[in-house]
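One-letter residues, chain by chain:
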Amino acid sequence: MKKYRYPRRRGNQYRLLVDGSRFFPAMEQSIAAARRYVLLEMYLFESGQVADRLIEGLTAAAGRGVRVCLLLDGYGAFALRNGDRQRLVSGGVELAVYNPLGIQRWFSNLLRNHRKLLLVDGVVAFTGGAGITDAFDPRLTPQHYWHETMLEIRGPSVVDWQHLFAETWNRWAARPVEAKTAPPSSGGPKEGIGRVTLQGVKVGRSEIMRSYIPHIRGARQRAWLATAYLVPPWKLRQALRRQARRGLDVRLLLPGPHSDHPAVKHMGRRYYQRLLRNGVRIFEYQPRFLHLKMLLCDGWVSTGSCNADGWNYR
């Protein structure tokens, strides 16, 4: 079995977009410039002003002949009103729901799609931790917006993102999307190297954790982890503690007084004492809710939609 599903690819271009005042306009502009297709896979999608702007952009794209596919999670989009769903469908958007909630489905309801992914024309991809909700827009909630990042990607890795989207979409939608595959990397410049990593469908098959641990263990100067929810598995805690004992700069950046799940925040604090005793430095972000997910080990970085908690790894 391969360690990673997708290979590392060279020649990508990345742009880190910090907070909704930067990533929402960039995403909306890409949708407005679409000529062939827009593929959007989103966990959190709530009715509001951000959703209104995006619905207008998606339906406008569909109106000029662009194929628009929107995959929503059955739980994460629970707060999207029926009227907004009808606007999407009436406007020509193909709407599919990942694992719709059902009273008799019991534990199957717990299987969710936490991805946040936008693909336009096979040219650009956006991924990160943001949802389509007013909470991420500083213009709407200037004092209490959620601090988050999205990554804009251009280059060969975009094809891997589209392959991943198509695989999920084709399971839940009536009309399939082509699952494109990229040719093998063939030399070229060493700049812009990146890899798409994902969660497996089985417990313990997390490529993300499989990537985190060796990079933390192999760090020589620093290992900085930011996460909205800290309920880390034992291997992650052990790797951080060991590197801190070796004298590396090991830091955790976590939510402070603001959180959408205070119980989870307090649950994570049970790990503080042992981490601090081993030399890990812990910072709690004060201005607003810290929602981003990022690991920085020396000159290597991972960012996306996965928190450092066992729920995401499952």
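Cut-offs and rules
- Residues numbered from 1 in each chain as written.
- Predicted model: local features only at pLDDT ≥ 70, side-chain atom pairs only at ≥ 80, totals over all residues.
- Heavy atoms only, no water.
- Helix = DSSP H or I, 4+ residues; strand = E, 2+ residues; numbered from the N terminus.
- Expected span 1.5 Å × (residues − 1).
- Buried < 20%, exposed > 50% of the residue type's maximum accessible area, 1.4 Å probe, protein only.
- Pairing = 2+ DSSP bridges.
- Axes fitted to C-alpha atoms, helices over the stretch in contact; angles between N-to-C directions.
- Contact = heavy atoms within 4.5 Å.
- Core = buried A, V, L, I, M, F, W, Y, C linked by side-chain atoms within 4.5 Å.

Undergrad: Can you tell me about helix H6 (residues 234-245), naming the residues and giving the values?
TA: An ideal rise of 1.5 Å per residue puts 16 Å on 12 residues; H6 measures up with 16 Å between its terminal C-alpha atoms. Turning to H6, its buried residues number three or more, namely Leu236, Arg237, Gln238, Ala239, Leu240, Arg241, Gln243 and Ala244. Phi turns positive, to about 100°, at Gly247, one or two residues after H6.

Undergrad: Please give an account of the sheet that holds strand S4 (residues 94-98) that cites residues and values.
TA: Taken together, the seven strands give an open sheet; going across it, the order is S1-S7-S6-S5-S2-S3-S4, and neighbouring strands pair in mixed fashion. Strands with a single pairing partner mark the edges of an open sheet, and in this sheet they are strand S1 (13-18) and S4. Between one strand axis and the next, the sheet turns by 15° as a mean value, whatever way the strands run. Sheet topology note: the strand S3 (residues 67-73)/S4 ladder contains five bridges and is parallel. Its bridge partner being in S4, Leu71 is matched across the sheet by Ala96. Relative to S3, helix H2 (residues 49-63) is tilted by about 145°, and along the sheet it contacts strand S2 (37-42) and S3.

Undergrad: Go over the nonpolar core with me, naming the residues and quoting the values.
TA: Here is a general trend for soluble globular proteins: nonpolar side chains tend to be buried in one another's company. Core analysis: the largest hydrophobic core is formed by 41 residues, its most contacted members being Val38, Phe45 and Leu58. Once residues within four sequence positions are removed from consideration, Leu58 is found in contact with Ile31, Val38, Leu40, Val68, Leu70, Leu88 and Val93. By size, the runner-up hydrophobic cluster in this structure holds 27 residues, among which are Val231, Ala244, Ile282 and Cys306.

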